[in-house]
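An overview of the molecular structure
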Amino acid sequence: MTVPRHQIRATFTETSITVYQAYPPEIADAALRAGRFVPPFKRERMTWIKPSFRWMMYRCGWALKPGQERVLAVGISRAGFEWALRHACLSSYNPRLHPDREAWRRSLRVSPVRVQWDPERSLRLAPLPYRSLQLGLTGEAVRRYVDEWVVGLTDVTALARSVHRRLLDGDEAGASALLPVERPYPLPPEVAGVVDAG
């Protein structure tokens, strides 16, 4: 089966979707204690959420990169996730979605959400021919994320390191069996159009 070039794949239920973020211990610990993001998490900064576990592992180096030693699985409401997509702008110009570059730049300046499609990663973190979604949240989107959308936080650092350990031991089947199950996320057509999802 051919995977569309731009497809959101995620772990989700009828009401929530799991996204991943990696943080230094002080931010992760404070968030886990509070059950939500609190200082030293900074609302003023753009925060990136990723539905793909393997892409998160590529980004944080299996939770071994400095400043990204703790990986959190963040449950957020599907209503919030889809609000973010509806209010998003692609991080690069697409002539099918914007009449010209200036229109795209104007949209980029005012949008509280940035969409980036990066190559999905294999179990060994090699790039695949199809893409994975990243959402950059800023301004109103960060406030909504922190105050309204988050329904649960789970530390999955141990899982990340267990998968990595099995890979180092040559046990690809065992590593693969530990991965969260991710399925194509059913986007409303009008939302898919905004983010150029297939």
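Attention here is on the structure that accompanies the text.

**So, the pattern of salt bridges**
Scanning the model with the defined rule gives 13 salt bridges in all. When the shortest N-O distance is used, the salt bridge between Asp-29 and Arg-70 registers 2.8 Å. Pair noted here: Asp-29 is in helix α1 (residues 25–34) and Arg-70 is in strand β4 (residues 70–77), with a separation of 41 residues, a long-range link. Residue class for Asp-29 comes out partly exposed when judged on its relative accessible area of 28%. Note that Asp-196 and Arg-96 form a salt bridge whose closest N and O atoms lie 2.9 Å from each other. Of this pair, Asp-196 sits in the segment after α8 (189–195) while Arg-96 sits in the loop between β5 (88–90) and α4 (101–110); the two residues are 100 residues apart in sequence, bridging distant segments of the chain. According to the relative accessible area criterion, Asp-196 is buried, its value standing at 14%.

**Comments concerning the nonpolar core**
By size, the foremost hydrophobic cluster in this structure holds 40 residues, and its most contacted members are Phe-37, Ile-76, Leu-135, Leu-137 and Tyr-145. It is helix α5 (residues 140–149) that contributes the most residues to this core, five residues altogether. If near-sequence neighbours (up to four positions away) are discounted, Leu-137 is found in contact with Arg-45, Met-46, Thr-47, Ile-49, Ala-84, Pro-112, Val-113, Val-142, Tyr-145 and Trp-149. Within the second largest apolar cluster, 18 residues are counted, among which are Phe-53, Trp-62, Ala-160 and Leu-167.

Calculation rules
Residues numbered from 1 in each chain as written. Predicted model: local features only at pLDDT ≥ 70, side-chain atom pairs only at ≥ 80, totals over all residues. Heavy atoms only, no water. Salt bridge = Lys/Arg side-chain N within 4 Å of Asp/Glu carboxyl O. Helix = DSSP H or I, 4+ residues; strand = E, 2+ residues; numbered from the N terminus. Buried < 20%, exposed > 50% of the residue type's maximum accessible area, 1.4 Å probe, protein only. Core = buried A, V, L, I, M, F, W, Y, C linked by side-chain atoms within 4.5 Å. Contact = heavy atoms within 4.5 Å.

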